[in-house]
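# Fold and geometry: a report
Chain by chain, the residues:
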Amino acid sequence: MNGYRWLMRAALWVRNPPSEKRVKFFVAILAVCLAIGFIEYYVGWPEWATAERVTRFPK
């Protein structure tokens, strides 16, 4: 049933494609996400951005 929904969505996109401005915006966001992913993979995650566990006080 889910495959049918995706086919209907694809058919709607073929009939009414998004504007060129929206496609450029999507590609820009995708490029930023990929760049962050590559930097994290090859350089590593900075220590200052790592979350630390907060200890809970005993009740």
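Residues numbered from 1 in each chain as written. Predicted model: local features only at pLDDT ≥ 70, side-chain atom pairs only at ≥ 80, totals over all residues. Heavy atoms only, no water.

### Some points on the pattern of salt bridges
Note the cut-off: Should a side-chain nitrogen of Lys or Arg be within 4 Å of a carboxyl oxygen of Asp or Glu, the pair is scored as a salt bridge. Runs of E in the DSSP output that reach at least two residues are strands. Runs of H or I that reach at least four are helices, and both are numbered from the N terminus. Working definition: with a 1.4 Å probe on protein chains only, accessible area under 20% of the residue-type maximum means buried, over 50% means exposed, and in between means partly exposed.
On inspection of all chains with the given rule, the structure shows one salt bridge. The partner of K24 in a salt bridge is E20, with the nearest N and O atoms 3.4 Å apart. Of this pair, K24 and E20 are both found in helix α2 (residues 20–42), four residues apart, which corresponds to roughly one turn of the helix. Taking relative accessible area as the criterion, K24 reaches 54% and is therefore assigned exposed. The exposure class assigned to E20 is exposed, which follows from its relative accessible area of 57%.

### Concerning the packing of aromatic side chains
We apply this condition: Two rings from Phe, Tyr or Trp (for Trp, the six-membered ring) form a pair when their centres are within 6.5 Å of each other. A pair whose planes differ by under 30 degrees is stacked, one over 60 is edge-to-face, and the rest are tilted. Geometrically, a lysine NZ or arginine CZ counts as sitting over a ring once it is within 6 Å of the ring centre and also within 35 degrees of the ring normal.
Tallied over the entire structure, the rule returns two aromatic pairs. Ring centres of F38 and Y42 lie 6.4 Å apart, and the angle between their planes is 20°; this geometry places the pair in the stacked category. Taken together, the residues F38 and Y42, both in helix α2 and four residues apart, mark about one turn of the helix. Here F38 and Y42 have matching classes, each one exposed. Ring geometry for Y41 against Y42: centres 4.9 Å apart, planes inclined by 85°, an arrangement best described as edge-to-face. Y42 sits in the exposed class, given a relative accessible area of 63%. Three or more aromatic residues link up through ring pairs in this structure, and these residues are F38, Y41 and Y42. For the cation-ring pair, R9 lies above W6, with the distance from its terminal atom to the ring centre recorded as 5.1 Å.

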